[in-house]
Structure formats: structure tokens, C-alpha cells
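# Structural overview
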Amino acid sequence: MNETLIRALSGVLYIIILVSATLFLNSFLVLFGMLLLLSVYEFCELVRLKKVIPFLVAVSCYFFCTNYTSNSVVDCTLLVFFLLTAVKSLLFLFNRAEKIISPSEKFFFLIGYVVIPFILLAKLPFVETHFNPKIVISLFILIWFNDTMAYVVGKSVGKTKLFERVSPKKTIEGFLGGLIFSALISIFIAIYYIHEPIFRWIIIALIVGVFGTLGDLIESKFKRTAGVKDSGKIMPGHGGILDRLDSIIFAGPFVFLFYQIVNYVS
């Protein structure tokens with residue numbers, strides 16, 4: 001079968017499963033738990049980490065934290081750990097030296113870069129106390145739209161490399177194009193789909209555009225350090241689960257933090 005067709009079919013199937021499962025509470029939590037385990041497996045492969053303890057940590061943390069959806073202490077602890085990991089991930093990204101990741105750093109990244117982001121994504125639909133799957137679906141729409149328009153604009157007019165030594169194909173023009181178009185589509189999402197303030201979703205679109213791109217670059221750095229092209233092979237033509245979710249697992253927690261701030265000041 002034609003490689004382009006295989007890529008298109010697997011992409012469509014991925015979107016159908018993701019959106020349909022997200023619409024219902026139980027299937028949403030099960031799906032994201034499964035995606036978490038697959039991502040843990042791929043990350044352990046990338047950094048050469050034995051998988052038994054990471055799997056136990058991931059399952060325990062996910063089960064415990066998703067059963068305390070409104071606990072502010074748990075939320076605050078998760079956010080602080082994630083923000084510390086985000087800083088360390090950015091230092092890792094911008095470090096020119098091909099530094100060997102120590103065993104303790106591998107576990108630190110595992111928890112803060114993979115496990116906690118999935119937990120915060122699973123808690124995101126509950127930021128308004130009741131289960132609202134439209135928040136997560138809207139977030140995925142912004143991610144997909146940003147990635148698509150960044151590719152289209154970059155391919156058409158992109159000349160200035162964004163971060164060539166990590167991701168040679170990304171351009172500044174493509175990055176700005178994705179940012180602008182995702183901000184525009186967020187207006188339609190706010191008005192016609194999620195029915196929340198327009199300004200809020202423009203800010204969310206900017207968060208997604210900036211931190212989603214950084215998440216993509218960070219995962220590219222992990223792959224570059226491991227000497228591989230893809231994090232896995234589970235999705236024909238697309239690579240692994242981390243390859244598909246690298247943007248949202250880094251941007252999602254910042255969106256969760258933004259909602260916490262909005263709810264606190266309102």
C-alpha cells in the first residue's frame with residue numbers, strides 16, 4: 001500500500017479513537033492511561049531505562065492523582081514538579097553539548113516530562129468542577145492546526161531556521177504562521193464550540209503554539225541523543241506515541257496552570 005495512504009489512514013484512525021474516547025469520562029481516563037504506559041515504554045527505550053519500576057510509578061501516580069480531581073494540594077504539587085522539569089528540559093534542549101543523562105536524571109525526566117503531564121491532561125477536563133471533554137478536544141484541535149499551518153507556511157515561505165541543530169526543517173516563519181493561524185481558529189473554537197471568552201482561548205492558542213513547539217523540540221533532542229528518528233513504530237507513517245503527543249504533553253500542563261490562575265482570580 002502507498003506510504004502516504006498508510007500515513008493518512010493511521011492518522012485518521014488515531015483522531016477518531018482519540019476524539020470519540022475523550023467524549024466519555026471512563027473511556028477518556030482509560031485511553032490516557034494507556035497512552036501514558038505506551039509513552040513510558042517509548043521514553044524508557046529512548047533513554048535506555050529498565051521498565052518495571054517506571055511502569056509501577058506511572059500506574060500508581062495516574063491512579064492516585066486522577067481519583068483526587070479537585071484536590072488543590074495534589075494539583076499544586078504536580079504543577080511545581082512539572083515546572084521544575086520544564087526548566088530542566090529547556091536547559092537540556094539549549095545545551096550544545098551532547099551530555100549523557102544520568103540514571104537519576106532519567107527518572108526525573110520520566111516523572112516530570114512524561115507521567116505528570118499525562119496526569120494533568122487527564123485532570124484538565126475537570127478544571128471547571130464538572131467533566132468537560134471540549135477543553136481537551138479543543139486543545140488537540142489547536143495543536144493539530146498549529147502543526148499543520150506551521151508546516152504549510154514554513155514550506156511555502158520559510159527561510160530562517162528556528163533551531164537547525166535539533167530540528168532542521170522548522171523555520172521561524174512557519175512557527176509564526178502556526179501561532180497566528182491557531183490564534184485565529186481559537187476565536188471560532190471559543191464562539192462556536194466551547195463557549196468561553198474569546199480572549200481566554202487566544203491566550204491558550206498562544207500557549208499551545210509556543211510550548212507545543214518547545215515540546216516538539218525537546219522530544220527531538222531526546223531522539224537525537226538516542227540516535228533514532230522516531231520514538232516508536234506503533235503508528236505506521238507517524239512513528240510512536242511520543243512523536244504524536246510531544247507537543248500536547250508539554251503545552252497541556254501550562255494550559256492547566258492558566259486555568260488555575262483564571263479560576264483563582266475570577
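Treat the numbers as computed from the prediction; the structure is a model and nothing was measured.

With that settled, consider the overall build of the protein. Looking only at helices and strands, one finds nine helices and two strands in the protein. Secondary structure elements in the protein, listed N-terminal to C-terminal, are α-α-α-α-α-α-β-β-α-α-α. Taking 18 Å as the expected radius of gyration for a compact globule of 266 residues, we find that the protein reaches 18 Å, a close match to that expectation. The principal-axis extent of the C-alpha atoms belonging to the protein is close to 45 × 45 × 40 Å. Across the 266 residues that make up the protein, the buried fraction comes to 49%. Contacts in the protein between residues at least 24 apart in sequence constitute 72% of all its contacts with a sequence separation of at least 6.

Another aspect to go through is the side chain of S89. In this structure, S89 sits in helix α4 (residues 72–94). Not counting chain neighbours up to four residues away, the residues in contact with S89 comprise F109, Y113, I218 and F250.

This next bit is on the nonpolar core. Within the largest apolar cluster, 72 residues are counted, with the highest numbers of intra-cluster contacts made by F32, F43, L124, I204, F222 and L245. Counting residues per element, this core draws most heavily on helix α9 (residues 241–265), which supplies 12 residues. Sequence-distant contacts of F222, defined by excluding residues within four places in its chain, comprise F43, L46, V47, F92, I101, F109 and Y113.

Counting across every chain of the model gives eight salt bridges. A salt bridge links K123 to D75; the nearest nitrogen and oxygen atoms lie 2.9 Å apart. Highlighted residues: K123 in helix α5 (residues 103–123) and D75 in helix α4, separated in sequence by 48 residues. Using a relative accessible area of 2% as the deciding quantity, one classes K123 as buried. On the basis of relative accessibility, which here comes to 8%, the residue D75 falls in the buried class. Put simply, K88 and E105 hold a salt bridge, and the shortest N to O gap is 3.1 Å. Here K88, found in helix α4, pairs with E105, found in helix α5; they are 17 residues apart in sequence, far enough to count as distant. Bridged by salt links that share partners, the residues E128, E196 and R200 form one connected network.

Among the surface-exposed residues, I172, L176, I180, F181 and L184 lie close enough to one another that they form a single nonpolar patch of about 420 Å² accessible area. Note on placement: L184 falls in helix α7 (residues 172–194).

For R48, which is not glycine, the phi dihedral falls at a positive 55 degrees. Here R48 lies in the loop between α2 (25–47) and α3 (52–66).

On to the packing of aromatic side chains, then. Scanning the entire structure with this criterion turns up 22 aromatic pairs. Both rings, one in F92 and one in F109, keep their centres 5.8 Å apart while their planes meet at 55 degrees; by these two values the pair is tilted. Taken together, the positions of F92 in helix α4 and F109 in helix α5 put the pair 17 residues apart, joining distant regions of the chain. This pair shows no difference in class: F92 is buried, exactly as F109 is. The interplanar angle of 15 degrees and the centroid separation of 5.4 Å between the aromatic rings of F94 and F163 together place this pair among those described as stacked. With F94 in helix α4 and F163 in strand β1 (residues 161–163), this pair connects stretches of sequence that are 69 residues apart. Owing to a relative accessible area of 49%, F94 belongs among the partly exposed residues under this scheme. Its relative accessible area of 11% is what places F163 among the buried residues. The structure contains a cluster of three or more aromatic residues connected by ring pairs, namely F28, F32, F118, F126, F131, F140 and W144. Residue placement shows K134 over the ring face of Y193; its charged tip is 5.2 Å from the ring centre. Residue placement shows K221 over the ring face of F92; its charged tip is 4.7 Å from the ring centre.

Here is what the cut-offs are and how they apply
Residues numbered from 1 in each chain as written. Predicted model: local features only at pLDDT ≥ 70, side-chain atom pairs only at ≥ 80, totals over all residues. Heavy atoms only, no water. Helix = DSSP H or I, 4+ residues; strand = E, 2+ residues; numbered from the N terminus. Rg over C-alpha atoms; globule rule 2.2 N^0.38 Å. Buried < 20%, exposed > 50% of the residue type's maximum accessible area, 1.4 Å probe, protein only. Contact = heavy atoms within 4.5 Å. Core = buried A, V, L, I, M, F, W, Y, C linked by side-chain atoms within 4.5 Å. Salt bridge = Lys/Arg side-chain N within 4 Å of Asp/Glu carboxyl O. Patch = residues over 30% accessible without salt bridge, like charges linked within 9 Å, V, L, I, M, F, W, Y side chains within 5 Å. Areas by Shrake-Rupley, 256 points an atom, 1.4 Å probe, with all protein chains shown as cover. Phe/Tyr/Trp six-rings, centres within 6.5 Å; stacked < 30°, edge-to-face > 60°. Lys NZ or Arg CZ within 6 Å of the ring centre and 35° of its normal.

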